[in-house]
Amino acid sequence: MSLTTLIVWTLIVAATVLVIRALRRDGADGRTAPAPYPASDQGAERLLAERFARGEIDDEEYSRRLAVLRSHAPGSTPL
C-alpha cells in the first residue's frame, strides 16, 4: 500500500467520524442532546418554573398553570 493510499483512507475515516459526531451534537459547545423532560408532574412544574424565571410568563399565569398541574392526580387521563 502506498503512502498516498494510506493518507486518502485516513482522511476518509476521519471525515466519516467527524460527520457522525457532528450529527449527534446538540449545539456548538459539543455536548450531546439533553434527555427529554420526564413525564411526571415534577418535570412539568420544573419546566413551568424555568419559563417563569426566564420571564416568558408572568406571575398570574404561573400561579394559574401551577394550580392546574397540582389539581390533576398523577396518572389521570384528561377528558
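Residues numbered from 1 in each chain as written. Predicted model: local features only at pLDDT ≥ 70, side-chain atom pairs only at ≥ 80, totals over all residues. Heavy atoms only, no water.

Student: Kindly report on the overall build of the chain, identifying the contributing residues and their values.
Tutor: A tally of helices and strands in the chain yields 3 helices and 0 strands. Along the chain, from the amino end to the carboxyl end, the secondary structure elements read α-α-α. With 79 residues in all, the chain has 6% of them scored as buried. A total of about 6900 Å² of accessible surface is found on the chain, and carbon and sulfur atoms cover 62% of it. (Helix = DSSP H or I, 4+ residues; strand = E, 2+ residues; numbered from the N terminus. Buried < 20%, exposed > 50% of the residue type's maximum accessible area, 1.4 Å probe, protein only. Areas by Shrake-Rupley, 256 points an atom, 1.4 Å probe, with all protein chains shown as cover.)

Student: Talk me through the pattern of salt bridges; I want residue IDs and the actual numbers.
Tutor: Per the stated rule, a full pass over the model turns up 5 salt bridges. A salt bridge links Glu 56 to Arg 54; its shortest N-O distance comes to 2.9 Å. The salt bridge partner of Arg 65 is Glu 61, with a shortest N-O separation of 2.7 Å. With Arg 65 and Glu 61 both in helix H3 (residues 59–71) and 4 residues apart, this pair spans about one turn of that helix. Owing to a relative accessible area of 32%, Arg 65 belongs among the partly exposed residues under this scheme. Put simply, Arg 51, Arg 54 and Glu 56 are held in one network by salt bridges that share partners. (Salt bridge = Lys/Arg side-chain N within 4 Å of Asp/Glu carboxyl O.)

Student: Which residues make up the packing of aromatic side chains, and what values do they have?
Tutor: Scanning all chains against the criterion turns up 1 aromatic pair. Their ring planes at 25 degrees and their centres at 4.8 Å tell us that Phe 52 and Tyr 62 sit as a pair that is stacked. Note that Phe 52 is positioned in helix H2 (residues 41–53) and Tyr 62 in helix H3, a separation of 10 residues in sequence. (Phe/Tyr/Trp six-rings, centres within 6.5 Å; stacked < 30°, edge-to-face > 60°.)

Student: Go over a nonpolar patch on the surface, please, and point to the residues and values.
Tutor: On the surface, a cluster of nonpolar side chains totalling about 600 Å² of accessible area is made up of Met 1, Leu 3, Leu 6, Ile 7 and Leu 11. Position of Met 1 relative to the elements: it lies in the segment before helix H1 (3–24). (Patch = residues over 30% accessible without salt bridge, like charges linked within 9 Å, V, L, I, M, F, W, Y side chains within 5 Å.)

Student: Describe the confidence of the model for the chain, naming the residues involved and giving the relevant values.
Tutor: Averaged over every residue, the pLDDT of the chain is 81; the share at 70 or more is 71%. Between the elements of the chain, mean pLDDT differs from a low of 87, seen in H2, to a high of 92, seen in H3. (pLDDT = per-residue confidence, 0-100.)

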